[in-house]
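Examining the three-dimensional arrangement
Chain by chain, the residues:
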Amino acid sequence: MRIPVIAGNWKMHKTVGEALSLVRSIKAGMGDTSHCQVVIAPPFTALAPVSEEIRGTSLMLAAQNVFWEPKGAYTGEISLPMLEGAGCRMAILGHSERRQYFSETDATVNRRIHAVLGSTLQPIVCIGETLAEREAGKHHSVIAQQLAGGLDRLTQEGLLRIILAYEPVWAIGTGRTASPETAQEMHRHIRNWLSEKFGKVAEEIRILYGGSVKPDNIDTLMRQPDIDGALVGGACLEADSFLRIIHFKP
Ligand code: PGA
């Protein structure tokens, strides 16, 4: 019922030339991907050329962030009409690196979500606790707080367009993946929270896991009942490892 999503977050990697070369290798090795949606999120500078390169394929293009105003004097920002024009179908919002280094908060994530829902794009909303929060036993309440703040004033219809990504901060780029059981437990917690707030539609929402997803752990992660896909960082920068993750074995 929930179509899996495998999304590659390229972060601040790849020039235009490098991006085109990676996307050509992904295209060449992709094969049949009808079992899932494959999303790639290159840096802003590569969006338009990559969009041309993936025309006619099933690959979907995402941005790594977006500002909520449609235009204006906001030096250095990128708007939704710009992303639409560059061929984007989705935008990653509230990534922990945005929260950690660029002052993103649940309130600003919420503004971005509402703006994206007013566009043709679909938001991929990231949440996740830090190591200190988990060790203090606060992970459930931190996630509940991020959901309450991030999804404030959202309708059921709005929620249905959202993809969530649970990314424990201690697992991002560390090689320390959450065990499938730990991830499943949190994914269930997130779905329970959604169902209390929004009702039965919670069963339709895709919740991706992110944090050191690799070819050798994707299969067991994807076998968990509430894990509906992956947001992949490091392992999406090489075609071979990303292709293996796309072709996870259920
Ligand atoms: P990682 O990054 O796979 O390199 O841990 C995941 C992410 O930050 O989306």
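Right, let's walk through the structure included here. (Residues numbered from 1 in each chain as written. Predicted model: local features only at pLDDT ≥ 70, side-chain atom pairs only at ≥ 80, totals over all residues. Heavy atoms only, no water.)

1. Concerning the site of the ligand
Around the ligand sit 13 residues, and of these K11, H95, E167, G173 and S212 come closest. Contact distances for the ligand include 2.8 Å between an oxygen atom and a backbone N or O atom of G234. Relative to its unbound accessible surface of 290 Å², the ligand loses 97% to contact with the protein. (Near = heavy atom within 4 Å. Polar contact = N/O pair within 3.5 Å; in protein donor to acceptor, adjacent residues only side chain to side chain. Areas by Shrake-Rupley, 256 points an atom, 1.4 Å probe, with all protein chains shown as cover.)

2. Brief notes about the pairing of strand β3 (residues 60-63)
Residues M60 and A62 of β3 are buried on one face, and the alternating residues L61 and A63, pointing to the opposite face, are buried as well. As paired elements, strand β2 (residues 37-41) and β3 share 2 bridges and run parallel to each other. Residue pairing across strands places V39 opposite M60, the latter belonging to β3. The parallel pair β2 and β3, bridged by helix α2 (residues 44-53), forms a crossover whose chirality is right-handed. Where β3 meets strand β4 (residues 90-93), 2 bridges bridge the pair, whose relative direction is parallel. Looking across to β4, one finds that A62 is bridged to M90. Chirality of the crossover, the property in question, places the unit of β3, helix α3 (residues 80-85) and β4 among those that are right-handed. (Buried < 20%, exposed > 50% of the residue type's maximum accessible area, 1.4 Å probe, protein only. Helix = DSSP H or I, 4+ residues; strand = E, 2+ residues; numbered from the N terminus. Pairing = 2+ DSSP bridges. Right-handed = clockwise from strand over helix to strand, strands pointing away.)

3. Quick word on the layout of surface pockets
Here the largest pocket defines a volume of roughly 490 Å³. Lining the largest pocket are 18 residues, and of these K11, M12, Q64, R98 and F102 sit closest to its centre. A breakdown of the residues in the lining of the largest pocket according to their chemical character gives 9 nonpolar, 5 polar and 4 charged. (1 Å grid on protein atoms, 1.4 Å probe; cavity = no way out; pocket = protein on both sides within 12 Å on 5 of 7 lines; lining within 4 Å. Points joined across faces, edges and corners; volume = space filled by probe spheres on them. Nonpolar A, V, L, I, M, F, W, Y, C, P; charged D, E, K, R; others polar.)

Shape is all these values report; function is a separate question.
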